Amino acid sequence: MAVKIRLARRGRKKLAMFDVVVADARAPRDGRFVEKIGTYNPNTNPATVVLNEKQAILWVLNGAQPTDTVRAILSYKGIMYAKHLQVGVNKGAITQEQADAKFEAWKAAKEISIQTKASTLQQSKAKSKAARLEAEAKVSSTRADNIAAKNKVAEEALVASVVEAINEAEEEATGVEVDEVVAEAPAAVEETVVAEVAEEAAVEEAPAAEAPAAEEAPAAEEAAEEAPAAEDAAEEAPAAEEAAEEAPAAE
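All residue numbers refer to positions counted from 1 along the written sequence of the respective chain. Confidence filtering applies because this is a predicted model: local features only for residues at pLDDT of at least 70, side-chain atom pairs given and counted only at 80 or more, and all residues used for totals across whole chains, interfaces and linings. The basis for every side-chain value is the complete set of non-hydrogen atoms in the structure, without hydrogens or water.

**Some points on the overall build of the protein chain**
Right, on to step 1. Secondary structure assignment for the protein chain yields five helices and five strands.
Right, on to step 2. Helical segments are the DSSP runs of H or I of at least four residues, strand segments are the runs of E of at least two, and each set is numbered from the N terminus. Listing the helices and strands of the protein chain from first to last along the sequence gives β-β-β-β-α-β-α-α-α-α.
Right, on to step 3. Pairs at least 24 residues apart make up 36% of the contacts formed inside the protein chain by residues separated by at least 6 positions.
Right, on to step 4. Values of accessible area rely on a 1.4 Å probe in the Shrake-Rupley scheme; residue burial ignores everything except the protein chains shown. With an accessible surface of roughly 18,600 Å², the protein chain has 56% of that area assigned to carbon and sulfur atoms. Contacts are residue-level and defined by heavy atoms, with any inter-residue pair within 4.5 Å sufficient.

This is the structure:
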């Protein structure tokens, strides 16, 4: 019977995993199989492949034909290279020890390559995430600035409407436009300042006016004291006149 190495699907919908099986070529894909030699998970990057290398090499040497996908998997794991080396051993081109050493060296180099690829992918993923976060931060910052600008405009509009309403209420209450009151305000302030300055000047001049009056007061008192002496002289004046009239009579 023709034997094939193929994949048998398992796993849930949109997250499939596969078994690497050796089965009759006439059997359905997910039907009966002879032996399971490994698993294949394509959902990881790089893909996860687990193989029983000895059984895989044995089946390949015995003539089992892998499908195209399984051949790629076997080459990825070095099974086809191991087959090539084993054919050389069977022909006597190299010894088994040399074949095993070459295969181990190839496996080590392949493992380093896989690890390098995994680290590169991880770094690329981290950089992509950082760039995405930075872009999101810029978008958030821009959105916040726009919102702040809109809020500021709304607040200014609200303040303007409140001021306008207050002005209208004052105009209705006083019957005078607010603009006229605002225009007349400086003149009223100037008049108030001038009046205050005049009052201060009057207060400063008041002591000076009181001082001369206080100085003149003693002079007025002296005049009042001299007034009785004048009255006495006036009383003596008629007596002198009478004396003058009596003088001719004596003659």
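**Overview of the sheet that holds strand β4 (residues 48-51)**
Right, on to step 1. An order of β4-β3-β2-β1-β5 is seen for the five strands of this open sheet, with the pairing classed as mixed. Both outer strands of the open sheet, β4 and β5 (65-66), are each paired with one neighbouring strand and no more.
Right, on to step 2. Across ten bridges, strand β1 (residues 3-12) lies against strand β2 (residues 15-24) in antiparallel orientation. Residue pairing across strands places Arg 9 opposite Phe 18, the latter belonging to β2. By definition, two strands form a pair when at least two bridges between them are found by DSSP.

**A few points about the environment of Gly 38**
Right, on to step 1. One can find Gly 38 in strand β3 (residues 35-41).
Right, on to step 2. Through-space distance from the C-alpha of Gly 38 to that of Asn 52 is 6.0 Å; in sequence the pair is 14 residues apart.

**Quick word on the environment of Lys 110**
Right, on to step 1. Mapped onto the elements, Lys 110 comes out in helix α4 (residues 96-174).
Right, on to step 2. Along the primary structure Lys 110 and Gly 78 are separated by 32 residues, whereas in three dimensions their C-alpha atoms are 8.7 Å apart.

**Let's talk about a nonpolar patch on the surface**
Right, on to step 1. Together, Leu 158, Val 162 and Ile 166 make up an exposed nonpolar region whose accessible area comes to about 270 Å².
Right, on to step 2. Within the fold, Val 162 resides in helix α4.
Right, on to step 3. Throughout this description, buried means an accessible area under 20% of the type-specific maximum (1.4 Å probe, protein chains only), exposed means over 50%, and partly exposed covers the range between. The exposure class of Val 162 is partly exposed, given its relative accessible area of 41%. Each patch groups residues whose relative accessible area exceeds 30% and which form no salt bridge, using 9 Å between like charges and 5 Å between nonpolar side chains of Val, Leu, Ile, Met, Phe, Trp and Tyr. Basic side-chain nitrogens of Lys or Arg form a salt bridge, by our definition, when they fall within 4 Å of a carboxyl oxygen of Asp or Glu.

**Topic: the confidence of the model for the protein chain**
Right, on to step 1. Mean pLDDT over the protein chain: 77, with 69% of residues reaching 70 or higher.
Right, on to step 2. The low-confidence segment residues 208-251, where pLDDT is below 50, has zero contacts with residues more than four positions distant or belonging to other chains. Per-residue confidence from the prediction method is given by pLDDT, with values spanning 0 to 100.

**Some words on the pattern of salt bridges**
Side chains that differ in sign of charge can pair as their charged atoms come close.
Right, on to step 1. Counted according to the given criterion, the structure contains five salt bridges.
Right, on to step 2. Of the charged contacts in the structure, one is a salt bridge between Asp 24 and Arg 26, with a shortest N-O distance of 3.2 Å.
Right, on to step 3. Overall, Asp 24 belongs to the buried group, its relative accessible area being 16%.
Right, on to step 4. A residue is classified by how much of its surface remains accessible, and Arg 26, at 69% relative accessible area, is exposed.
Right, on to step 5. Here the residues in one salt-bridge network are Arg 10, Asp 19 and Lys 36, joined through shared partners.

**What to know about the nonpolar core**
Right, on to step 1. By size, the foremost hydrophobic cluster in this structure holds 27 residues, and its most contacted members are Ile 5, Val 20, Ile 37, Leu 51 and Leu 74.
Right, on to step 2. Contributing elements (two or more residues each) for this core: β1, β2, β3, β4, α1 (53-61), α2 (68-76), α3 (79-91) and α4.
Right, on to step 3. In terms of residues, this core owes the most to one element, α3, which gives five residues.
Right, on to step 4. With residues up to four places along the chain from it excluded, the contact list for Leu 51 reads Val 20, Ile 37, Gly 38, Ile 73, Leu 74, Lys 77 and Ile 79. In this description, a nonpolar core means a group of buried Ala, Val, Leu, Ile, Met, Phe, Trp, Tyr and Cys residues linked to one another through side-chain atoms lying within 4.5 Å.

**A few points about a negative patch on the surface**
Right, on to step 1. Residues Glu 164, Glu 168, Glu 170, Glu 171 and Glu 172 make up a contiguous surface patch of negative charge.
Right, on to step 2. When you line up the elements, Glu 171 lands in helix α4.
Right, on to step 3. Glu 171 sits in the partly exposed class, given a relative accessible area of 33%. In this tally Asp and Glu are treated as negative and Lys and Arg as positive; neither His nor the chain ends contributes. Note on charges: their place is set at NZ of Lys, CZ of Arg, CG of Asp or CD of Glu.

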